[in-house]
Structure formats: C-alpha cells, structure tokens
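# Architecture at a glance
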Amino acid sequence: MTTEDTSPAAKASAEDLDALSYEEAREQLMAVVGRLEAGGASLEESLALWERGEALAKRCEEWLEGARRRLAAARNTGEDDAKAP
C-alpha cells in the first residue's frame, strides 16, 4: 500500500519541481545520481537522494511527454494544412 506524502516539505518539494525547466531537472538528476554513485552517504541521506532522483526523473519525463504531444499536434496541423485546398 502506498501513501502520498502531503507534509509541508513534500508540498514545497513538488512546487519546487514544477518550477524546474527540463534542463534544470536533468542537471539536478545527474547531480543526485553522481552523489549516490560516489557512496559515503548515510542510509537516510541516500534514501532522500533516491526519492529526489525519482521525483526529478518523473519531472523530466513529464517535460518530454509534453514535447511529444506538442510535436504530434504540430504534425497534425501541418498535415491538415497540406490537405486543405
């Protein structure tokens, strides 16, 4: 059973993620991965890093999916324009 974290910290983190551009989210994700790969963090810090990484990866995927939708819409508009007399 999963529960959604609705603590003030989680809400602030979600708002923080929403404000990130794709490039910013990707850069932060790479930094998180680097810190995890370097090792030496406590279990608690590692878990927090992992959770942040998961949230950043999700944000990047949201940006990419939005870009795919925009491209598909642009292609459809272009095809419709080409079909019009």
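None of these values were measured; they are calculated from a predicted model. (Residues numbered from 1 in each chain as written. Predicted model: local features only at pLDDT ≥ 70, side-chain atom pairs only at ≥ 80, totals over all residues. Heavy atoms only, no water.)

## A closer look at the overall build of the protein
Our working rule: Only runs of H or I of at least four residues qualify as helices and only runs of E of at least two qualify as strands under DSSP, and these elements are numbered from the N terminus. Relative accessibility under 20% of the residue-type maximum defines a buried residue, over 50% an exposed one, and the middle range a partly exposed one, all with a 1.4 Å probe and only protein chains included. Whether two residues are in contact is decided by their heavy atoms, any of which lying within 4.5 Å being enough. Areas reported as accessible are Shrake-Rupley estimates using a 1.4 Å probe. Residue values count occlusion only from the protein chains shown.
Along its length, the protein carries three helices and zero strands. Scanning the protein from its N terminus toward the C terminus, one meets helices and strands in the order α-α-α. In the protein, buried positions account for 13% of the 85 residues. A sequence separation of at least 24 residues applies to 71% of the contacts in the protein between residues at least 6 apart. A total accessible area of about 6800 Å² is found for the protein, and carbon and sulfur atoms account for 56% of it.

## Structural notes on helix H2 (residues 22-38)
As a reminder of what qualifies: Given the number of residues in a helix, its expected span is that number minus one, multiplied by 1.5 Å. By arc we mean the arc of the directions from the helix axis to the C-beta atoms, nothing more.
Over its 17 residues, H2 extends 24 Å from the first C-alpha to the last, a length consistent with the 24 Å expected when each residue adds 1.5 Å. Looking only at H2, the buried set comprises Ala 25, Leu 29 and Val 32. For H2, the arc enclosing every buried residue in end-on projection is 60 degrees, short of the 170-degree limit, so these residues lie on one face. Counted as exposed and oriented over 90 degrees from the buried face of H2: Glu 27, Met 30, Glu 37 and Ala 38. Just past H2, the residue Gly 39 takes up positive phi, approximately 75 degrees.

## Digging into the pattern of salt bridges
Defined as follows: Throughout this description, the term salt bridge denotes a Lys or Arg side-chain nitrogen within 4 Å of a carboxyl oxygen of Asp or Glu.
Enumeration according to the criterion identifies five salt bridges in this entry. Between Arg 52 and Asp 16 there is a salt bridge; the shortest N-O distance is 2.9 Å. Placement of the pair is Arg 52 in helix H3 (residues 43-83) and Asp 16 in helix H1 (residues 8-18), with a sequence separation of 36 residues. Between Glu 61 and Arg 68 there is a salt bridge, with its nearest N and O atoms 3.2 Å apart. Judged by relative accessible area, Glu 61 falls into the partly exposed class, the value being 40%. Here the salt bridges share partners, and the residues they tie into one network are Glu 61, Glu 65 and Arg 68.

## Digging into the confidence of the model for the protein
How we decide: Scored between 0 and 100, pLDDT is the confidence that the predictor attaches to each residue.
With 79% of its residues at a pLDDT of at least 70, the protein reaches an overall mean of 86. Least confident of the elements in the protein is H1, whose mean pLDDT is 69; most confident is H2, at 97.

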